[in-house]
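# Structural characterization, general
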Amino acid sequence: MAMKRGLKPLWREHGTRVAWAMGFIGIIATSLWILRVEMAAYMQSNELDLIAASNFNLYALYLIWLIAICFQGSMLFLLITRNARKIEALSTKDFLTGAHNRLGLEKVWQRILDTHETFAVVILDIDHFKKINDTHGHDVGDQILKLVVARTHGVLRQEDKLARFGGEEFVIILPGADVEQAVRFAERVRVAIETDHFQLRDVAISVTASFGVAGQELVGDRGDLYELVRVADEALYHAKGNGRNRVVMAESQMVTAEC
Ligand SMILES: Nc1nc2c(ncn2[C@@H]2O[C@H](COP(=O)(O)OP(=O)(O)OP(=O)(O)O)[C@@H](O)[C@H]2O)c(=O)[nH]1
């Protein structure tokens, strides 16, 4: 099985751990060796002056020991930082689609607040997703979620952020964009999804999505992501109510106070 997978992926997966374990064994072995040489020299000299035992071999051993410890330290550092990065990625990404999850969304939101004066939010909600699940099965529904994310990523700019907000609902943050630009962007995503033939299990499935768009000017506190999402959600509600597969921009008269 190991041969089938090849050694490279195995090394990539376990290499750091193996190197760390070997280094650890090396340090223990070298320490025991040093102890043995020290003891032998001490027994011979029969006195407590260890300088007598410090011959060239012993210094060489000390040096190896020191190098092994430094190597070990750096491997450990590498292991910890690599795992920390993996944990961070796992905790901020949606497992199914690879989009940010809510925690990831809050993190990127903080960064956007620090770096951008303006931004807009788009909510994307797949239409009649329950029917897709009921007709084609939950696993096909999962594939549709992944494909919708892929299509949306195809339209996103690098600085735009996509997060799965729950079920078949996604939030997109567009740093630096005003609400009109965000509407144009949402329209492009809508068309990309509508015109795609989601080919799964030899069946072409038509998928559409509805969008609510809100600009930051509609909320009092520019740092309140959830208020902005709520406002965009109201626009989404109108999009669903008016026949779905459309983009609706939140306007001030549409915005109700949160209960
Ligand atoms: N396959 C799959 N289905 C999910 C997942 N999360 C939520 N769902 C399903 O998504 C469906 C959402 O249904 P609704 O909230 O009624 O929305 P809808 O059918 O899209 O209807 P509208 O939004 O009004 O167009 C439910 O049946 C959930 O079970 C998931 O991760 N995978």
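Labelled according to an unreviewed UniProt entry, the chain appears under the name diguanylate cyclase, originating from Neptuniibacter caesariensis. Of the comments in the UniProt record for the chain, the one headed Catalytic activity (unreviewed entry) reads "2 GTP = 3',3'-c-di-GMP + 2 diphosphate".

### Topic: the overall build of the chain
Looking only at helices and strands, the chain features eight helices and seven strands. Taken over 259 residues, the chain has a buried fraction of 39%. Sequence separation of at least 24 residues holds for 69% of the intrachain contacts in the chain that already meet a minimum separation of 6. Surface summary for the chain: the accessible area is close to 15600 Å², and the carbon and sulfur share equals 61%.

### A look at the site of the ligand
Around the ligand sit 16 residues, and of these Phe129, Asn133, Asp142, Arg164 and Arg244 come closest. A distance of 2.7 Å separates an oxygen atom of the ligand from a polar atom in the backbone of phenylalanine 129. At 2.8 Å, a side-chain N or O of asparagine 133 approaches a nitrogen atom of the ligand. Protein chains shield 66% of the accessible area of the ligand, which is 670 Å² for the free molecule. The set of elements that each furnish at least two residues to the shell around the ligand consists of strand S1 (119-126), helix H5 (129-136) and helix H6 (138-155). It is H6 that contributes the most residues to the shell around the ligand, four residues altogether. Along the lines of polarity and charge, the residues of the shell around the ligand split into three nonpolar, five polar and eight charged.

### What about the side chain of histidine 100?
For histidine 100, the location among the structural elements is in the loop between helix H3 (56-92) and helix H4 (102-115). Under the relative-accessibility criterion, histidine 100 is labelled buried at 17%. For histidine 100, the residues in contact, after removing those within four places along its chain, are Thr92, Lys93, Asp94, Leu105, Val108, Lys161, Leu162, Ala163 and Arg164.

### A few points about the side chain of threonine 92
Positionally, threonine 92 belongs in helix H3. Take threonine 92: its relative accessible area is 8%, and that puts it in the buried class. Once you skip the residues sitting within four places of it in the chain, threonine 92 turns out to touch Ala99, His100, Asn101, Leu103, Gly104 and Lys107.

### So, the nonpolar core
Soluble, globular proteins show a tendency: their nonpolar side chains are buried together. One finds Val122, Leu124, Ile144, Ile193, Val207 and Phe211 to be the most contacted residues of the largest nonpolar core, which totals 33 residues. Only S1, H5, H6, strand S3 (169-175), helix H7 (179-195), strand S4 (198-200) and strand S6 (209-215) provide two or more residues apiece to this core. Contact partners of isoleucine 193, with chain neighbours within four places excluded, come to Leu124, Val148, Arg151, Thr152, Phe198, Val207, Thr208, Ala209 and Phe211. Of all hydrophobic cores here, the second largest spans 23 residues; its members include Leu113, Ala163, Val219 and Leu236.

### Some thoughts on the pairing of strand S2 (residues 161-166)
Sheet topology places S2 next to S3; five bridges connect them, and they run antiparallel. If you follow arginine 164 over to S3, its bridge partner there is phenylalanine 170. The turn linking S2 back onto S3 is made up of two residues, and glycine 167 within it adopts a positive phi angle of 40°.

### Overview of the environment of alanine 68
Here alanine 68 is to be found in helix H3. Sequence separation between alanine 68 and glycine 215 is 147 residues, and the spatial gap between their C-alpha atoms is 57 Å.

### Some points on the UniProt feature "transmembrane region" (unreviewed entry) in the chain
The UniProt feature table records "transmembrane region" (unreviewed entry) at residues 20-39 and 59-80. Across residues 59-80, helical content stands at 100% and strand content at 0%; the span's end C-alpha atoms are separated by 31 Å.

### Description of H5
Within H5, the full set of buried residues consists of Phe129, Ile132 and Asn133. An end-on view of H5 places all buried positions within 95° of arc, on one side of the element. Exposed positions of H5 whose direction lies more than 90 degrees from the buried face are Lys130, Lys131, Asp134 and Thr135. In this structure, the buried residues of H5 make contact with S1 and H6.

### Some thoughts on a nonpolar patch on the surface
Together, Phe24, Ile28, Leu32, Leu35 and Met39 make up an exposed nonpolar region whose accessible area comes to about 510 Å². With respect to the helices, strands and loops of the structure, isoleucine 28 is situated in helix H2 (residues 7-45).

### Considerations on the pattern of salt bridges
One pass over the full model with this rule turns up twelve salt bridges. Between aspartate 94 and arginine 164 there is a salt bridge, and its shortest N-O distance comes to 3.2 Å. Here the residue aspartate 94 occupies a position in the loop between H3 and H4, and arginine 164 occupies one in strand S2, the gap between them amounting to 70 residues. With respect to class, aspartate 94 is no different from arginine 164; both count as buried. Connected through shared salt-bridge partners, Asp125, Asp127 and Lys240 make up one network.

The rules we used
- Residues numbered from 1 in each chain as written.
- Predicted model: local features only at pLDDT ≥ 70, side-chain atom pairs only at ≥ 80, totals over all residues.
- Heavy atoms only, no water.
- UniProt positions renumbered as here; feature names shortened; annotations may be inferred.
- Helix = DSSP H or I, 4+ residues; strand = E, 2+ residues; numbered from the N terminus.
- Buried < 20%, exposed > 50% of the residue type's maximum accessible area, 1.4 Å probe, protein only.
- Contact = heavy atoms within 4.5 Å.
- Areas by Shrake-Rupley, 256 points an atom, 1.4 Å probe, with all protein chains shown as cover.
- Near = heavy atom within 4 Å.
- Polar contact = N/O pair within 3.5 Å; in protein donor to acceptor, adjacent residues only side chain to side chain.
- Nonpolar A, V, L, I, M, F, W, Y, C, P; charged D, E, K, R; others polar.
- Core = buried A, V, L, I, M, F, W, Y, C linked by side-chain atoms within 4.5 Å.
- Pairing = 2+ DSSP bridges.
- Arc of directions from axis to C-beta.
- Patch = residues over 30% accessible without salt bridge, like charges linked within 9 Å, V, L, I, M, F, W, Y side chains within 5 Å.
- Salt bridge = Lys/Arg side-chain N within 4 Å of Asp/Glu carboxyl O.

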